[in-house]
Structure formats: structure tokens, C-alpha cells
Amino acid sequence: MIDVKFLNVKCNGMSVGKLAETPKGLVAFEYDNSWLLNGFSISPFSLPLKRGVFVPRSWELFEGMFGIFADSLPDVWGRLLVDRMLIKKGFSPRAVTMLQRLAIVGAGGMGALTYEPELLLESAAEPRDFDVLSLECGKILRNEYSDDLDALFKLGGSSGGARPKILTEIDGDDWIIKFPSSYDGLTAGADEYQYSVAAKKCGIEMPETRLFASNICSGYFGVKRFDIHKNGNSQRRIHTASVSALLESSHRIPSLDYNDLMKLTMVLTRSFGEVEKMFRLMCFNVFAHNRDDHAKNFSFIFNEQERGWHLSPAYDLTCSNSVGGEHATTVDGEGRNPDISNIMSSAHKIGMNERKAKTIALEIMEIAEFLLEVIGR
């Protein structure tokens, strides 16, 4: 494999800066002069918009990178596909550096950041039948041989999250289609679709969602990507940063509270309207039993015209558990059985109107209770 000494980081064709590996194996970053004049901080707390070389404090958290670049890398499922492809090409995944992994992502990651030069792992054209892809995903998860590894890598090798998924174009728009994991039932797709419908009823902003038909399960959940905006023949990527990236906090080690998330929202967006969005999301996660609410399942997007941050549309909402069956993000200190009292305490601490907060919470609780009945939980 080609040795990668440095990478150019770009955003919608504009040069943002350079990444290079230090003698200690850390990945350092420096903004380009042109970006310093006309750009924005891609990660306000860790990488403020100023001259100088930024070096991560340690290797342990994101394998020697800043969180904003770790956001570009595939997560559990995508990394599994990348490693399988590397082995197929005769390379040891353990010998591949983080710069090489970012080069493999190239322009195919989530969000607006892209990396050059790109390392291309050749792959075949993808099959279009979702049932075929789902069955092949099952083979990969069971560590069996799959004839469609190349196609799965091409479609899902840059995707985040633990569940198998593909990134594909449908009717000219970019979508994420999810397939059942080894621990999901046959109704996982339909259940997540019902969650998206209920979330919208709760006043939570979500992208367009669909349930794609299947002959072997209840259907496949699909969500339109919010990080890509198309206008005719032109396309613009939206810079996106997870809470994990912004706070340099691992999503694998629960350490956050919704009080932290609402404070972060206020500091980053300077908008109480955005704080209310986070409050609604907290209420929904509590009452709808979405306990896999870790730091990568909350993101912010940067509006280049307004020069400001906003809470991203919600994603990955479904009935789930985290470590020990608790919430990954605690609610005013309570992770096992948070209730309306914990929610109201959080509302009070962030300065929300008590009557308005309680009205929102009770409305969402009613919708969530009906949702859990619908999916049989």
C-alpha cells in the first residue's frame, strides 16, 4: 500500500489545511492560509481558527487524531468492510495508518471534509436488490465468505454506526439504507421508521424517511442524507460535527449528561430555540426508550451563509439500550430509570420556562407511549 506522509483536507473544493503524522504517531493538523482568511473553525474548541500546528494530546482517544477527523472514518460496520477489503488485497489492517484510512475514505465520508490524495480500493458495480444486499451483510457479520464484498464496500465502506448500511442514490437524492444486524429482529426497519414518524409528531426535526419493501423482513429503513444539498446539477456538502468530535469524548465510554448537551448547544449556537430542540430530543429518547444515545448520535451542522452552528436533524432513533441497559447519556445524573422529575430538573438548570418544558415533556410522553404500543414494546 502507498505510504501516506500527509493529507490535504478540503471542504467543498476549498483547501482547509493539512494533516501529517508526528514522530510519536499522532496526527497533527494546520490550517491553510487561505482558509484562515475566508473559512471557519471546523471544530471550535479543539481547532480554533488561528495559525499554528495542532497536535492531539494522546493516541488513546481517537487513535491519535482529533475527533473531527475521526468523524470522517467508518465506524463498526464500515471498518469491518474496509478491513475485509484490505485483507482481500493482501494488506494487514493492523499495519494501515490513520492517514491511510482517511485517504481510503477520500471524498466518500459523511459531512463536508474530504481528503487528498485518495487511496482507491477497486470495487465492482453494486447490485441493486436490497434483499440480496441484506443477506450478504448477514454473511459478513457471521464471518462467512461473500461474493458481494466489493459491492458492499463500495456502498458502505465509509458509513458510520454499528448496523449494516449502504450509502446510495435514489431518484437523484442521497440516502442511507439500513439492514438488520445480527441482534436485530425482522421488524427492525419498520420499527425505526415508526420512530421517525413519531419523532416528527413530537416536533423533532428529521430528514425525509422511507420504509423500503422487502420479501424477507418488514422492510428496510431509509433516511435522506442531511449533509448533502443538491440544486440541479450542483451539489454542496454540509460541514457536520458530532458531539463526540466537538468535545473530544469517546462515544464508546459513556461520560455525558443531557445537562452537558444543552449547555454545549447554548454555547455553540447561542440560541435558546436550539436548546429547546435538544430538550425535545432528550424527552423523546427517555420516553421512547432510545438508550443508545451516545456522543456520536448528536451532531451540529455549520451554516456557511449564516456563519453559525445549528443542531443537526435527529438520527438513529429506535428502541435500544446502552451499557447495562442504561442511557449512554444520563438525564440529570440518572441513567437507569430517568423520569419526568429528572427532565424537569434539567429544564430548570438550563433556564427553560417550567410550564412550557412540562407541556412539551407530557406531549412527547403521550406520543412515545403510543409508539411503544405500536411496535409491541
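Let me sum up the structure you'll find in this document. (Residues numbered from 1 in each chain as written. Predicted model: local features only at pLDDT ≥ 70, side-chain atom pairs only at ≥ 80, totals over all residues. Heavy atoms only, no water.)

## Structural notes on the overall build of the chain
Consideration 1: Helix and strand counts for the chain stand at twelve helices and 14 strands.
Consideration 2: Scaling as 2.2 N^0.38, a compact globule of 377 residues should have a C-alpha radius of gyration of about 21 Å, and the chain matches this with 21 Å.
Consideration 3: With the C-alpha coordinates aligned to their principal axes, the bounding extent of the chain is approximately 60 × 55 × 45 Å.
Consideration 4: Scored against the burial criterion, the 377 residues of the chain give a buried share of 55%. (Helix = DSSP H or I, 4+ residues; strand = E, 2+ residues; numbered from the N terminus. Rg over C-alpha atoms; globule rule 2.2 N^0.38 Å. Buried < 20%, exposed > 50% of the residue type's maximum accessible area, 1.4 Å probe, protein only.)

## Notes on the nonpolar core
Consideration 1: Among the nonpolar cores identified, the biggest contains 103 residues, and Leu 19, Phe 29, Ile 42, Phe 69, Phe 279 and Phe 284 are the most heavily contacted of them.
Consideration 2: Ranked by the residues each element gives to this core, the list is headed by helix α10 (residues 272-287), at nine residues.
Consideration 3: Setting aside anything within four residues of it in sequence, one finds Phe 279 in contact with Met 262, Ile 343, Ala 347, Met 352, Ala 357 and Ile 360. (Core = buried A, V, L, I, M, F, W, Y, C linked by side-chain atoms within 4.5 Å. Contact = heavy atoms within 4.5 Å.)

## A short note on the pattern of salt bridges
Consideration 1: The full count for this structure, using the stated rule, is 24 salt bridges.
Consideration 2: Here Lys 139 ties to Glu 136 by a salt bridge, and the two come within 3.3 Å at their closest N and O atoms. Here Lys 139 and its partner Glu 136 are both found in helix α5 (residues 130-141), three residues apart, which amounts to about one turn of the helix.
Consideration 3: Given a relative accessible area of 27%, Lys 139 falls into the partly exposed group.
Consideration 4: Glu 136 sits in the buried class, given a relative accessible area of 10%.
Consideration 5: With a closest N to O distance of 2.7 Å, Glu 192 and Arg 163 form a salt bridge. With Glu 192 in helix α7 (residues 188-201) and Arg 163 in the loop between α6 (149-156) and β6 (165-170), this residue pair connects regions lying 29 residues apart in the sequence. (Salt bridge = Lys/Arg side-chain N within 4 Å of Asp/Glu carboxyl O.)

## Comments concerning the pairing of strand β10 (residues 228-231)
Consideration 1: The pairing of β10 with strand β11 (residues 234-237) spans four bridges and is classified as antiparallel. Directly across from His 229, in β11, lies its bridge partner Arg 236. (Pairing = 2+ DSSP bridges.)

## Quick word on empty space enclosed by the protein
Consideration 1: Per the stated rule, a full pass over the model turns up two cavities of 30 Å³ or more.
Consideration 2: Of the pockets and cavities examined, the largest cavity occupies roughly 80 Å³.
Consideration 3: Around the largest cavity sit Gly 203, Ile 204, Glu 205, Lys 277, Leu 281, Leu 311, Ser 312, Pro 313 and Ala 314, which together line it.
Consideration 4: The residue makeup of the lining of the largest cavity, split by class, is five nonpolar, two polar and two charged.
Consideration 5: Of the volumes computed, that of the second largest cavity is approximately 40 Å³.
Consideration 6: Together, Ser 249, Ser 250, His 251, Ile 253, Pro 254, Ser 255, Leu 256, His 294, Ala 295, Ala 328 and Thr 329 line the second largest cavity. (1 Å grid on protein atoms, 1.4 Å probe; cavity = no way out; pocket = protein on both sides within 12 Å on 5 of 7 lines; lining within 4 Å. Points joined across faces, edges and corners; volume = space filled by probe spheres on them. Nonpolar A, V, L, I, M, F, W, Y, C, P; charged D, E, K, R; others polar.)

## Concerning the sheet that holds strand β13 (residues 299-303)
Consideration 1: One open sheet holds the three strands; their spatial order is β12-β13-β14, and the pairing between them is antiparallel. Taken across any chain shown, the strands that pair with only one partner, and hence form the sheet edges, are β12 (240-242) and β14 (308-311). Taking the axes of each pair of neighbouring strands and ignoring which way they run, one obtains an average angle of 30° across the sheet.
Consideration 2: Inspection of the sheet shows β13 paired to β14 by four bridges, in the antiparallel sense. Note that in β14 the partner of Asn 303 across the bridge is Gly 308. (Axes fitted to C-alpha atoms, helices over the stretch in contact; angles between N-to-C directions.)

## So, unusual backbone geometry
Consideration 1: The omega angle of the peptide bond from Glu 116 to Pro 117 is 0°, so this bond is cis rather than trans.
Consideration 2: Here Pro 117 shows up in the loop between β5 (113-116) and α5.
Consideration 3: A positive phi angle is found at Glu 63, which is not glycine, with a value near 55°.
Consideration 4: Given the relative accessible area of 24%, Glu 63 is considered partly exposed.

This is a description of form; function is not addressed.
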